[in-house]
Each structure stands twice: as C-alpha cells, then as structure tokens.
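# Summary of the model geometry
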Amino acid sequence: MMETNTSQSFSSDDGVYDCDSDSESFVEDSLDDELCFASGDFPKLQFRKERSKVWWIEELGMAEVLEKKGKMWITTGISRNGKTYCSIEETLYLAEIGALDVLNVDDTPLLLSDLYAKLAEDREKYGCSWESFEVYRCLKYLGYIVGRHGVAWSMKNMKNKTNADDSVGESCSITDKGNVDYGFITDMFNNMHLGGTRPIFDVFPPNSKFRKSSSGDPSFMVCRASGHPPSRQEIEDIETCCGRIPLKLYVVEHGRVSFLSFTKVELPALP
Amino acid sequence: MAPRWKGETAEAKEPMSVIVSKLQTSLIESNAQGLLSGCAVLLEALPEQTELLYRACIGRPLITAEKDKKQWHQLSFEEALYLCCVLKCIKIAGENKCAKSNDELWHYMMVKRVGFPVMFKAYSHLRRKNWVVRAGSQYGVDYVAYRYHPAFVHSEYAVLALPDDEDGGSENSRLKVWSDFHCTLRLCGSVAKTLLVLHISRNGEDDVVSLSSLEHYSVEERVVTRWNPEVSRDAK
C-alpha cells in the first residue's frame, strides 16, 4: 500500500492548510496597477487651484518661497530668518501637483523637465535621488509630514539641533539677492555619505496642529537601503544613528516603494 | 496552466509586435530622448506615444498636473535599454542633456543594479518573443510575463532569471535551498502563476560583460511545478 504524504492536511487554529498549491484559491492581481494607470499606487490626486511661487536658487540647492498660497506651508519648507526654503523634493512634489510656479532668479520659468533634470543620473547634487523623491512623494500623498533628516524645521525648534546648528543661526544672514550668506545649507548636505544605509527623512504623522517651531520627535525615520539587503551589523549601526526613533528601510524597485522594519524583539518564555 | 483570458481572446486585438513597431516608429520620428535618473529613465511622450506605451505595457505614467498634452513616463533600466539599444528608438541623456553612448549606459546600469546583465538578457529574451514583461517584485520574483496586455489576460508566468552555476552566479543567488523552492512555488500558486526559471548562460564569454557580448549568452526556459499524484491519478 503506497503511502502518499503529498496531500496531507494540517489542522491548526488558523484553519486547514493544504499542501497542494494547485488547489488553493488564488488571489487576483488586486494590486495590478497595469489596469489602473489613472490612479496608480496613489489615492486620487487633488491638483491645486492656487499656485505659490518660488525662486530656485542654484547655489543653495533650494528654492526660496516668494508667495505662499494654501495651508500646505505649515508642513512644507524650512524657516530661516523669516523666509521659507524648500528642498528639491518639496519643490518637485509641489510642482508635480500643480501647486507651485518655480522660477529662476531672473524670473524665467523652470519647467517640470528642468526640475526632473536636477535629480538626473546619480549625482544627488541636492541631497536627494530619484528614488528618495519617490519615497517622499509616496508618503506625502498619504498625508504624512516629511522632512529631511537632521534639518531643523525652524531655528526655534531646539530639539532637532545638531552641534553644528548653534553657529548656523548667526552665520545665516540673508541681506538681498546679491549678497547672501547661505551658511545653513551645510545642514542639508553634511549628512551625505555616499552609499550605504543612512536616514534620509524624518516622518511625522498627519497632523493639522503641526508646528515647525515645535515639531516634536518624528514618529519614524526612513532610511535608504543600499543595493543588498542589510546585514545584522548594518541594521545595528543605523539604529544607533537613529537613537530611540524607530526606523524603516525603503526599497524602491521599478517605481514600487516598499518599507521594511527590522524590529528587535524578545519573545517571552512561555510556561 | 492554460492561458486565462479575460473577456474576448487576444486574436481580436492587434498583435503585440505591431503595437511595438508603431511605438518604435513614433519615437524615432519625434527624436525621443529619455532622462537618466537614479534607477529610472524618465520620458516625456506625445499623446499617441502614451497610448502605445500603455498598450505595449512599457513604463509607468507619472501623475502630474501638467496641462500640456505631453505625459511623463518612468521606465525601468530594462525597458529603457530595450527601447534604446534593441529597438533603437530613443536616446538617453544624463544631466548635461547629451545622449549617452550604449556603453556608457550599460556601464551605469551595471553598476547601479546587481546582476543587471542577467536580468536584461532575460527581459529582452521574452520581449523579443513579444511577451509582455513587467516587474515581479510584488510576487517575490524578477518578472511576471503575460501573453498580452494584462487588461485582457491573467499573467501566466512568474519569472526568475538565474545565471548558470559555472558562471559563479553568486550575485543573483536564488533557489539555493529547498525552502526557497517551496516558498516560491507556494507564492506562485497563490497568485495562479507558473514559475518559469530562465537559466542564462555565458557560453564562455569573458567575465567583463558588454552589451554586445550579451548577444552570445543563451537562455534556457524551464518551468518548475509541483506534481500531485493524487489529483493526477484519474486523469491522463
């Protein structure tokens, strides 16, 4: 009598498992975005009617806000000396959703293609790659508040200051366009170590009471994973970097963003 | 598994080769140029090209508020390189807006993505046969292959591209222990796809891979399935 184990069923609290995968009911390609180009991975996009205005300042690698329209400025841009500045990802995101007119300092328009070009190749001239921008955009669509890691929302926000920041306030004196001292740009770019796993963004939950002057700690930090999955040591190193703030690693493949957590646990000993 | 059509069969639709050919012509005529950015290539397309890119299942559209009729698309390295170097219908430029040579592109992509030569060989092998090939990361595989546009047919194959063992393919190590097989087969079964492994062999080509040396690589297609003797007993 031949014994076959191939179609054994295991009962457990979770139900019956059938070893034979052919008989399993299958999941339709429910996330198949091939079929819904219009909505893609994102919720229905609400394009803005009113456009704010910024100057892209090349030496700074940021945009200076000239005219603000809409409440999004509560959670976008950093405040320095009474002005607001946007990173490349903030600028590009707002331009994509039609909320921003971006100009060169000579008032000629900067098109979306020009902004995309700023993320070109792998240069990360302004501290953000195409993939990091995809992550930024993904979280922004869902309502999260996202800031560049290690960059204070405003100088009044004491908690996020690093050692370098104490001198930043004084060194940042912006008089007029022709005579500027952008000392604070070191904030944006001094965290750039090329390659490896590093925190890129600080993420705060959607919150209408968010204030740049007292943002509090982020709910989590988002780190870029390098080409290979991280080793245990790499994870530990990056955790040290993030302190007590939880971290998530992101992987972007073919436009699809995945977030992974590697959380240390201690299983209880059971009786 | 037999192909599963949704609605009418593909015979009523234009063959994929024709769609791709129309796309190729249109892109050449408009001197299309893509922008290399990180691990993607961005392409601004005319309305007819957007339609053809959709029908050929190449790239993903970017959702923007641009009022202009042109639409931005994001292409993966494989898709972009296929259009640029195989179909020869787009150029790809970097930051300086100058078109890069095939070798420059190849080198850039190889550095950015582990195991890219094998992946690209697999992608172009299937596309040349007019299969629709899309990213498979959400199913834990390299690609998913469809007989036609996914709107009309369920995907048949979950594809893994593996370098031959003699080539010391440690870079792209998958299916190395039995639990890998069980895991992948289980996942494929749950989403009604058959596991297709493409064994890519260097055929003695040099270690340093160039785009032209890829021509001499060979691809062997093998399907991995689990056979259940109980189910098959009464059938043929």
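What counts and what doesn't
- Residues numbered from 1 in each chain as written.
- Chains lettered and ligands numbered in written order.
- Predicted model: local features only at pLDDT ≥ 70, side-chain atom pairs only at ≥ 80, totals over all residues.
- Heavy atoms only, no water.
- Helix = DSSP H or I, 4+ residues; strand = E, 2+ residues; numbered from the N terminus.
- Buried < 20%, exposed > 50% of the residue type's maximum accessible area, 1.4 Å probe, protein only.
- Contact = heavy atoms within 4.5 Å.
- Phe/Tyr/Trp six-rings, centres within 6.5 Å; stacked < 30°, edge-to-face > 60°.
- Core = buried A, V, L, I, M, F, W, Y, C linked by side-chain atoms within 4.5 Å.
- Expected span 1.5 Å × (residues − 1).
- UniProt positions renumbered as here; feature names shortened; annotations may be inferred.
- Pairing = 2+ DSSP bridges.
- Axes fitted to C-alpha atoms, helices over the stretch in contact; angles between N-to-C directions.

The next thing to look at is the overall build of chain A. Helix and strand counts for chain A stand at six helices and 14 strands. Per-residue burial over chain A gives 45% buried out of 271 residues. Long-range pairs, those at least 24 residues apart, make up 62% of the contacts in chain A with a sequence separation of at least 6.

The next thing to look at is the packing of aromatic side chains. Counted by the stated rule, this structure contains 21 aromatic pairs over all chains. With a centroid separation of 5.7 Å and 70° between ring planes, the pair formed by A:Tyr116 and A:Trp130 is classed as edge-to-face. Note that A:Tyr116 is positioned in helix α2 (residues 112-117) and A:Trp130 in helix α3 (residues 130-141), a separation of 14 residues in sequence. The exposure class assigned to A:Tyr116 is buried, which follows from its relative accessible area of 0%. Take A:Trp130: its relative accessible area is 0%, and that puts it in the buried class. Summarising the aromatic geometry, the rings of B:Phe77 and B:Phe116 are spaced 5.9 Å apart at their centres and angled 80° between planes, so their arrangement reads as edge-to-face.

This next bit is on the nonpolar core. In this structure, B:Leu81, B:Leu83 and B:Ile90 are the most contacted members of the largest nonpolar core, which totals 68 residues. Beyond its immediate chain neighbours, meaning those up to four positions away, B:Leu81 contacts B:Val86, B:Leu105, B:Trp106, B:Met109, B:Phe116, B:Phe120 and B:Leu211. Ranked by size, the runner-up nonpolar core spans 46 residues in total, among them A:Cys86, A:Leu94, A:Val102 and B:Leu42.

A word on helix α5 (residues 116-128) of chain B. Between its first and last C-alpha, α5(B) extends 18 Å over 13 residues, near the 18 Å set by a 1.5 Å rise per residue. The element α5(B) is extensively covered by neighbouring structure, given that 12 of its 13 residues are classed as buried.

With that settled, consider the environment of A:Arg198. Residues and elements named next belong to chain A. Mapped onto the secondary structure, Arg 198 falls in strand β11 (residues 198-204). For Arg 198, a relative accessible area of 7% puts it in the buried group. Counting along the chain gives 112 residues from Arg 198 to Cys 86, while the straight-line C-alpha distance between them is 21 Å.

This part is about the UniProt feature "domain: tRNA intron endonuclease N-terminal" (unreviewed entry) in chain B. Taking the UniProt record as the reference, the feature "domain: tRNA intron endonuclease N-terminal" (unreviewed entry) is found at residues 33-106 of chain B. Its end C-alpha atoms 16 Å apart, residues 33-106 of chain B is made of 34% helix and 28% strand.

A few words on the sheet that holds strand β14 (residues 256-260) of chain A. Residues and elements named next belong to chain A. Reading across from one edge, β8-β11-β12-β13-β14 is the order of the five strands in this open sheet, with mixed pairing throughout. If you trace the sheet from one side to the other, it starts and ends with β8 (145-148) and β14, each paired once. Within the sheet, the average angular offset between the axes of one strand and its neighbour, ignoring direction, is 30°. Pairing of strand β12 (residues 220-224) with strand β13 (residues 247-253), which is carried by four bridges, proceeds in the parallel orientation. Considered in β13, the bridge of Met 221 is made with Leu 247.

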